Amino acid sequence: MDLLKRYLQAVKFFLPRGQQEDIIRELSENLISQFEDREEALGRPLTEDEQADILRAHGHPMLVAGRYRSRQQLIGPVFFPIYLIALQAGLAIALIVTLVEGALTAAIQARAFDHVIQHIVATLLRYPGRALMVFGWTTLCFAALDLAQAHVRFTHAWDPRKLPELRIDEAGHSRMHSLFEVIFIWAGIVWLLLVPRMPFLILGPAAAFLDAAPIWRTIYVPILLLAVGSAGIALFTFIRPHWTPARSYARVAVNVGGLIVMVMVARAGEWFLPAVPAPASAPHNLTGLIDLINIGVQVGLAVAVFINVAEIARELMRLKRGRHNALMHAALLALPMLVGAPFLAVAASEPAPAPPVAAARVEYRMLATNKTSTMQAEMQDAADSGFQFGGVMGGETSFGGSEVVVIMTRLATSKPRYQYKLLATNKTSTMQREMQEAGNAGFEYRGQTVFKSTFGGKEVVTILERDRDAPKPPRYEYRLLATKKTSTLEKELQEAGAEGFVFVGVTVAETAIGGSEIVAITRRPVGQ
Amino acid sequence: MPAADMDNALFENLRLELRRGCLIVAVLAALRSEQYGYTLRKLLGEHGLQVDEGTLYPLLRRLETQGLLVSEWREEAKRNKRFYRLSDQGTQMLTHLLAEWRSIDSSLQGILSEPHHGLAQAVSTGR
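As the structure is a prediction and not an experimental result, all values here were calculated from the model.

Colleague: How do you make sense of the interface of chain B and chain A when you look at a structure like this?
Modeller: You'll often see interface size given as the accessible area lost when the parts meet. Counting residues at the interface gives 17 residues for chain B and 17 residues for chain A. Taken together, the two surfaces of chain B and chain A that pack against each other cover about 1,700 Å², and 44% of this comes from carbon and sulfur. Per-residue buried area on chain B facing chain A is highest for B:Arg61, B:Trp73 and B:Arg79; these three make up 35% of the total on that side. Between the two partners, chain B and chain A, sit seven salt bridges. Across the pair A:Asp22 and B:Arg82 runs a salt bridge whose closest N-O atoms are separated by 2.6 Å. At the surface where chain B touches chain A, the tally comes to 12 residue pairs in polar contact (both at pLDDT 80 or more). Among the elements of the structure, α2 (37-46), α3 (53-65) and β3 (79-86) of chain B are those that each provide at least two residues to the side of chain B that touches chain A. Looking at the side of chain B that touches chain A, the element that brings in the most residues is α3(B), giving six residues.

Colleague: For this particular structure, what's the right way to read the pattern of salt bridges?
Modeller: Side-chain pairs of opposite charge can arise whenever the charged atoms involved come near each other. With the rule as written, the count across this model stands at 28 salt bridges over all chains. In this structure, the salt-bridge partner of A:Arg314 is A:Glu311, at a minimum N-O distance of 3.7 Å. With A:Arg314 and A:Glu311 both in helix α12 (residues 286-321) and three residues apart, this pair spans about one turn of that helix. Taking relative accessible area as the criterion, A:Arg314 reaches 41% and is therefore assigned partly exposed. Looking at A:Glu311, the relative accessible area reads 26%, which means it is partly exposed. Between A:Glu465 and A:Arg446 there is a salt bridge, with its nearest N and O atoms 2.8 Å apart. Within this pair, whereas A:Glu465 is found in strand β8 (residues 457-467), its partner A:Arg446 is found in strand β7 (residues 444-453), the two being separated by 19 residues in sequence. In this structure, a network of salt bridges that share partners links the residues A:Asp22, A:Glu26, B:Arg61, B:Glu64 and B:Arg82.

Colleague: Got a minute to help me understand the pairing of strand β2 (residues 69-76) of chain B in this structure?
Modeller: In the case of a regular strand, side chains alternate between the two sheet surfaces. Residue and element names in this part refer to chain B. When β2 meets β3, the two strands line up antiparallel, connected through eight bridges. By the bridge assignment for β3, Val-70 is matched with Arg-85. What sits between β2 and β3 in their antiparallel hairpin is a turn of two residues, with Ala-77 showing a positive phi close to 50°.

Colleague: What's the story with the packing of aromatic side chains in this structure? I'm lost.
Modeller: Each aromatic ring pair is characterised by the separation of its centres together with the angle its planes make. On inspection of all chains with the given rule, the structure shows five aromatic pairs over all chains. Both rings, one in A:Phe80 and one in A:Tyr83, keep their centres 5.7 Å apart while their planes meet at 40°; by these two values the pair is tilted. Of this pair, A:Phe80 and A:Tyr83 both sit in helix α5 (residues 80-109), three residues apart, which is roughly one turn of the helix. Taken together, the aromatic side chains of A:Phe80, A:Tyr83 and A:Phe142 make up a single cluster linked through ring pairs. Across the ring face of B:Trp73, the terminal group of A:Arg25 is positioned such that the distance to the ring centre comes to 3.9 Å.

Rules used in this analysis
- Residues numbered from 1 in each chain as written.
- Chains lettered and ligands numbered in written order.
- Predicted model: local features only at pLDDT ≥ 70, side-chain atom pairs only at ≥ 80, totals over all residues.
- Heavy atoms only, no water.
- Contact = heavy atoms within 4.5 Å.
- Buried area = accessible area lost by both parts, 1.4 Å probe.
- Salt bridge = Lys/Arg side-chain N within 4 Å of Asp/Glu carboxyl O.
- Polar contact = N/O pair within 3.5 Å; in protein donor to acceptor, adjacent residues only side chain to side chain.
- Helix = DSSP H or I, 4+ residues; strand = E, 2+ residues; numbered from the N terminus.
- Buried < 20%, exposed > 50% of the residue type's maximum accessible area, 1.4 Å probe, protein only.
- Pairing = 2+ DSSP bridges.
- Phe/Tyr/Trp six-rings, centres within 6.5 Å; stacked < 30°, edge-to-face > 60°.
- Lys NZ or Arg CZ within 6 Å of the ring centre and 35° of its normal.

Given below as structure tokens:
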């Protein structure tokens, strides 16, 4: 009987506390009766092995006690299917939230590609904890719901006419497909957010010698908004995989927006420019390479427009098959057009005329230094505060000795839009080459002077300006004419003029090689 | 898992599901006369309905909680035992359940007697 007592003790441990004594007493009587019956059949007392066999057949103490519990499961069969769907959705949403968080953190905080990976990995490592939390809370909520199930009654008071409309896509949209779509679009958004700080993400190694044209800055925010819109649609599709008219309308809206952006980009005419200053690693045939890249962009744009139009047509066909209200259809389609119209207007219009000078207060900033690099940095600082180059003079000042003085102006309403580049050399041929490179990158001649530098002797300094907001900056071919004799200069100017070169500036330079020379700068427009 | 084992496991699951409802009717029917746990189990076994103790004893307590059975501790053969019997509510419930049981049996017989059912032939030939 020692074995029986040990068995009952083990069963008791797992029983509900309030019923322990009662159940054990009854169980004990039943098992003793069974033992006695068996002993009577055998005509002798049971051995320990025979007692063990009976107890083993009765069941493991934990399982036996478990059957006396009123609650046999945490979530019953009524709520279990809904629980599974809720759990899947919760885990997927947690994953998407984690990915978005990782993407945004990387975009905001990362300073290099390695940091991007670190931020994304660090965020992804938070997912298991979040998934566990989602699992725990979902299970707890459904367990509570199941506990209250006795009071919840599914009645017949529901209207079948309020069920969702018949689905048009028989196959629907695979959830896995939607999930990948969500992940890829968000990855694209991260990429978009990183590109301004890490141009190599779009240009690769060519980022060292290429600059993006100003048009990309103009359409950057609209592209970002369209990508966020697409991500929203993909998320909606993931949650509701079956076709709905709302999704088609949303897709059409995003595609129409995309089309407008593409038109704006196409109108720019050129999309990549040579970097300024040109690095030593720049290829010799940089201009040809840029032309090739721009042609590639043009072809890519054409393909993208075609795909976009096809997508719009497909969604319209779906809506037509769905026989939705034509008026509502037209109204919803007009909405993105109305939203996109301002972008189109901006794309089509010329730059806005400057406000009348007389009406606005004019501010001045005077910059003086004897170092070319300092002057370029100071001019750019001023330009970033909305100033524009006004004039330049080189000479002896009462404070700084031999200095270059630049005067910059700003209207109260001015916004930063100009970039400046100073070229300083004592060789005319070098100056002509550097000016040409800057000219190819969209810089325009604004002024020149002579700079008496500490180490370089007298140098000719040329100031060039680039308008960041100009959709298509003018391009010029530069020719510098340097001579010691005025008659020769006149002759050379006549020859240049015959070829279409226009005089833009002149200075007298005492160069290291040529002695005192007159340097005239001429230019003629190219590709206009 | 081999196909035969899978079939056996499936059969065992379905058999348990089928027996679960029947067992309650059988227990209620058996407890028209007073029994304690062990003798009830023996009685059911003698009629070909083998039941685990782990299933039967908790079931008795549940049916009592639902008001279908009543129980009392009484001395028999010098030992205290808990005897169960059908309550008035349990008697009514048994009547309803037996009517339902007969209705199901009749429906099933009707379905099986349909001429085109291969299963009817299998049942009738005992295969």
